[in-house]
Amino acid sequence: MLPIIYSLRNCPYAMRARLAIFKAKQAVLLRDLVLSHKPAEMIAVSPKGTVPVLVLANSTVIEESLEVMLWALQQTDPDDLLHCQQEGALPEMLSLINEFDNGFKTSLEAYKCAKRYQEDNIAQCRVVCQQYIEQLEQRLTEHMFLMSDKESLADIALVPFIRQFARVERQWYLQSPYPRVRRWLNSYLQSPVFTKVMAKHPLWLDNQQDILFGVN
Ligand SMILES: N[C@@H](CCC(=O)N[C@@H](CS)C(=O)NCC(=O)O)C(=O)O
């Protein structure tokens, strides 16, 4: 029995989990859902009702996206996204991810909201986000990816959220002083991996058909 992942196509947390599963070449059964119709099977094992949720063959339930990523890469990590030979690399990545999951995510939500409701504080909200984007630009000045010249867990954990930031005020973003962030984000958005991870599937509740994901 393969692990089952409950997922939502455009959710950045589910996206990062799918990216890690794909990078780790782990076969899982994907069940796509919408938040207005969460499958009872998912709520039964994970009452908190957020996606992604991964259910392993031994019934272990993993209900945090970062934990799903770590589970996948601990099975196999062909691209060494965990930088396993480098002492201290993983805690450093986790610390960066934590900073973005908390501070940046909150600022991004405020920025998205200001845009959606055409609030007059949009520039202020953007400036708060920019402090985080500047940090990434600085990192990408020093190396090709966020941690080093090698791709890492941090890159695939953060990229779905930077994608969201880039979409809030498209024209502003395209001329913003962050050319390295744009190059880094574009290289993901244009990659075959991203195409696979963002493929559209029928909703599981509509046809109860699992989609084999991660290995094809
Ligand atoms: N900390 C969780 C957050 C996941 C999360 O908040 N996902 C959103 C969708 S992007 C969700 O499921 N929200 C539930 C709802 O709005 O009902 C994780 O990292 O997996």
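Up top you'll find the structure we're talking about.
The shown structure was predicted, so the numbers you read here are calculated from the model rather than taken from an experiment.

Overview of the overall build of the protein chain
Check the secondary structure of the protein chain and you find ten helices and five strands. For 216 residues, the compact-globule estimate of 2.2 N^0.38 gives 17 Å, and the protein chain sits close to it at 18 Å. Principal-axis analysis of the C-alpha atoms places the extent of the protein chain at approximately 50 × 45 × 30 Å. Counting the 216 residues in the protein chain, one finds 52% classified as buried. Carbon and sulfur atoms make up 52% of the accessible area of the protein chain, which amounts to about 10500 Å² in all. Side chains of the protein chain carry 23 positive and 24 negative charges; the gap between the two charge centres is 7 Å.

Description of helix 1 (residues 12–23)
With twelve residues, helix 1 should reach 16 Å at 1.5 Å per residue; the first-to-last C-alpha distance of 16 Å fits that figure. By the criterion of burial, helix 1 is predominantly enclosed, with eleven of the twelve residues buried. Those residues of helix 1 that fall on the buried side of the exposure criterion are P12, A14, M15, R16, A17, R18, L19, A20, I21, F22 and K23. Count one or two residues on from helix 1 and you reach K25, which has phi positive near 55 degrees.

Considering the packing of helix 1 against helix 6 (residues 153–168)
Packing of helix 1 against helix 6 leaves a shortest axis separation of 8 Å and a crossing angle of 140 degrees. Regarding the angle of helix 1 to helix 6, the classification is oblique. Here helix 1 and helix 6 pass one another in a crossing that is right-handed. Where helix 1 approaches helix 6, its residues P12, Y13, M15, R16, L19, A20 and K23 are matched on the opposing element by I156, A157, V159, P160, F161, R163 and Q164. Residues belonging to the contact of helix 1 with helix 6 are distributed by class as follows: ten nonpolar, one polar and three charged.

Re the sheet that holds strand 5 (residues 211–213)
The sheet built from five strands is open, its strands ordered 4-3-1-2-5 with mixed pairing. On the outer flanks of this sheet lie strand 4 (61–62) and strand 5, each paired with one strand and no other. Two strands pair when backbone bridges link them, and strand 3 (residues 53–55) and strand 4 are joined in this way by two bridges, in the antiparallel orientation. If you follow V55 over to strand 4, its bridge partner there is V61. Sheet contacts for helix 1: strand 1 (4–7), strand 2 (28–32) and strand 5; angle to strand 1, the most-contacted strand, approximately 145 degrees.

Some words on the environment of L30
Checked against the element boundaries, L30 lands in strand 2. A relative accessible area of 2% means that L30 is categorised as buried. Once the C-alpha coordinates of L30 and Q209 are considered, the two residues, 179 residues apart in sequence, prove to be 9.0 Å apart. Beyond its immediate sequence surroundings of up to four residues, L30 is in contact with I5, S7, R18, H201, D210, I211 and F213.

Overview of the packing of helix 3 (residues 65–75) against helix 6
For the pair helix 3 and helix 6, interaxial distance at closest approach is 11 Å and the crossing angle is 145 degrees. The hand of the helix 3/helix 6 crossing is right-handed. Here L66, M69, L70 and L73 of helix 3 come into contact with helix 6, specifically with L153, I156 and A157. A breakdown of the residues in the contact of helix 3 with helix 6 according to their chemical character gives seven nonpolar, no polar and no charged.

Parameters at a glance
- Residues numbered from 1 in each chain as written.
- Predicted model: local features only at pLDDT ≥ 70, side-chain atom pairs only at ≥ 80, totals over all residues.
- Heavy atoms only, no water.
- Helix = DSSP H or I, 4+ residues; strand = E, 2+ residues; numbered from the N terminus.
- Rg over C-alpha atoms; globule rule 2.2 N^0.38 Å.
- Buried < 20%, exposed > 50% of the residue type's maximum accessible area, 1.4 Å probe, protein only.
- Areas by Shrake-Rupley, 256 points an atom, 1.4 Å probe, with all protein chains shown as cover.
- Lys, Arg positive; Asp, Glu negative; His and termini not counted.
- Charge placed at Lys NZ, Arg CZ, Asp CG, Glu CD.
- Expected span 1.5 Å × (residues − 1).
- Axes fitted to C-alpha atoms, helices over the stretch in contact; angles between N-to-C directions.
- Parallel < 35°, antiparallel > 145°, perpendicular 65-115°, else oblique.
- Left-handed = near helix turned anticlockwise from the far one by under 90°.
- Contact = heavy atoms within 4.5 Å.
- Nonpolar A, V, L, I, M, F, W, Y, C, P; charged D, E, K, R; others polar.
- Pairing = 2+ DSSP bridges.

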